[in-house]
Amino acid sequence: MFVHPDEDTRTDGGFQGERAVLAGYLRDQRLTLELKCAGLDAEALARRSVEPSNLSLLGLVRHLAGVEQYWFRQVMAGQDVRRHYRSEDEPAGEFTGAVADPAVVADAWATWRAEVAFAEQLVAQAPSLDVTGDAGGTGGAGGAGGAGDEPMELREVMVHMIEEYARHNGHADFLRERIDGRVGQ
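Now for a description of the structure that goes with this document. (Residues numbered from 1 in each chain as written. Predicted model: local features only at pLDDT ≥ 70, side-chain atom pairs only at ≥ 80, totals over all residues. Heavy atoms only, no water.)

## Comments concerning the packing of helix α5 (residues 102-125) against helix α6 (residues 154-180)
In helix packing, the relevant descriptors are the interaxial angle and the interaxial distance, both defined with respect to the helix axes. Contact geometry for α5 and α6: axes closest at 12 Å, N-to-C directions at 145 degrees. Relative to α6, the crossing made by α5 is left-handed. Here Trp112, Val116, Leu122 and Val123 of α5 come into contact with α6, specifically with Leu154, Met158 and Tyr165. Considering only residue class, the contact of α5 with α6 consists of 7 nonpolar, no polar and no charged. (Axes fitted to C-alpha atoms, helices over the stretch in contact; angles between N-to-C directions. Helix = DSSP H or I, 4+ residues; strand = E, 2+ residues; numbered from the N terminus. Left-handed = near helix turned anticlockwise from the far one by under 90°. Contact = heavy atoms within 4.5 Å. Nonpolar A, V, L, I, M, F, W, Y, C, P; charged D, E, K, R; others polar.)

Structure follows, in structure tokens:
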């Protein structure tokens, strides 16, 4: 086990109401990502899975910061912001730039936490889960699952984010096992 069950900050369901269910499960997926990365130094976080893949735990943190930014800042809040870690010249920059440097690690966690905080505030302040955002005019989902030109409800974005984290937390399981043999939770 990564942590003793008494020390695990994640919940085991028990949420009441649609917003609480979606926000609770998304929070738990975010906490799982942190758990999978806990206790590792920059070198371990940047370690690639297997050649030729550029997948690493640090790359996942950077990628998920960008996914949070896209869906909550760009799609739901309509902000026109420069994407974290990627550009036209470096479309996979969140992974290729995930190098074993403590400053890169600190930046990745700070960026991810800032995007999570923005998303949590947006969800908490939304009048309902029926509010919509426009994925069509924000430069594409960037590998985060596309919405085309259709407006998307906040509830659908939250379900998508749960799916996004669940998939990448599965990758994180394998990456962590390859790094130090830890599995589970």
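## Description of the packing of aromatic side chains
Counted by the stated rule, this structure contains 2 aromatic pairs. Ring geometry for Tyr70 and Trp71: centres 4.9 Å apart, planes at 80 degrees, overall edge-to-face. Trp71 carries the same exposure label as Tyr70, and that label is buried. Summarising the aromatic geometry, the rings of Trp109 and Trp112 are spaced 5.4 Å apart at their centres and angled 85 degrees between planes, so their arrangement reads as edge-to-face. Of this pair, Trp109 and Trp112 both sit in helix α5, 3 residues apart, roughly one helical turn. Note on Trp109: relative accessible area 12%, which makes it buried. Against the face of Tyr85 rests Arg62, its NZ or CZ located 3.9 Å from the ring centre. Of note, Arg73 hangs over the ring of Phe118, and the distance from its end group to the ring centre comes to 4.0 Å. (Phe/Tyr/Trp six-rings, centres within 6.5 Å; stacked < 30°, edge-to-face > 60°. Buried < 20%, exposed > 50% of the residue type's maximum accessible area, 1.4 Å probe, protein only. Lys NZ or Arg CZ within 6 Å of the ring centre and 35° of its normal.)

## Brief notes about the nonpolar core
Ranked by internal contacts, the top residues of the largest apolar core, which has 48 residues, are Leu57, Trp71, Phe72, Trp112 and Leu154. Looking at this core, the elements with two or more residues in it are α1 (18-37), α2 (42-46), α3 (57-76), α5 and α6. With 12 residues, the top contributor of residues to this core is α3. (Core = buried A, V, L, I, M, F, W, Y, C linked by side-chain atoms within 4.5 Å.)

## Points about the pattern of salt bridges
According to the stated counting rule, one finds 14 salt bridges in the structure shown. Lys36 is paired through a salt bridge with Asp173; the nearest N and O atoms lie 2.3 Å apart. With Lys36 in helix α1 and Asp173 in helix α6, this residue pair connects regions lying 137 residues apart in the sequence. Here Lys36 falls in the buried class, since its relative accessible area comes to 1%. The partner of Arg155 in a salt bridge is Asp130, and the shortest N-O contact between them spans 2.6 Å. Here Arg155 is found in helix α6, whereas its partner Asp130 is found in the loop between α5 and β1 (132-134), with 25 residues between them in sequence. Of the residues examined, Arg155 reaches a relative accessible area of 22% and is grouped as partly exposed. The class for Asp130 is partly exposed, based on a relative accessible area of 44%. (Salt bridge = Lys/Arg side-chain N within 4 Å of Asp/Glu carboxyl O.)

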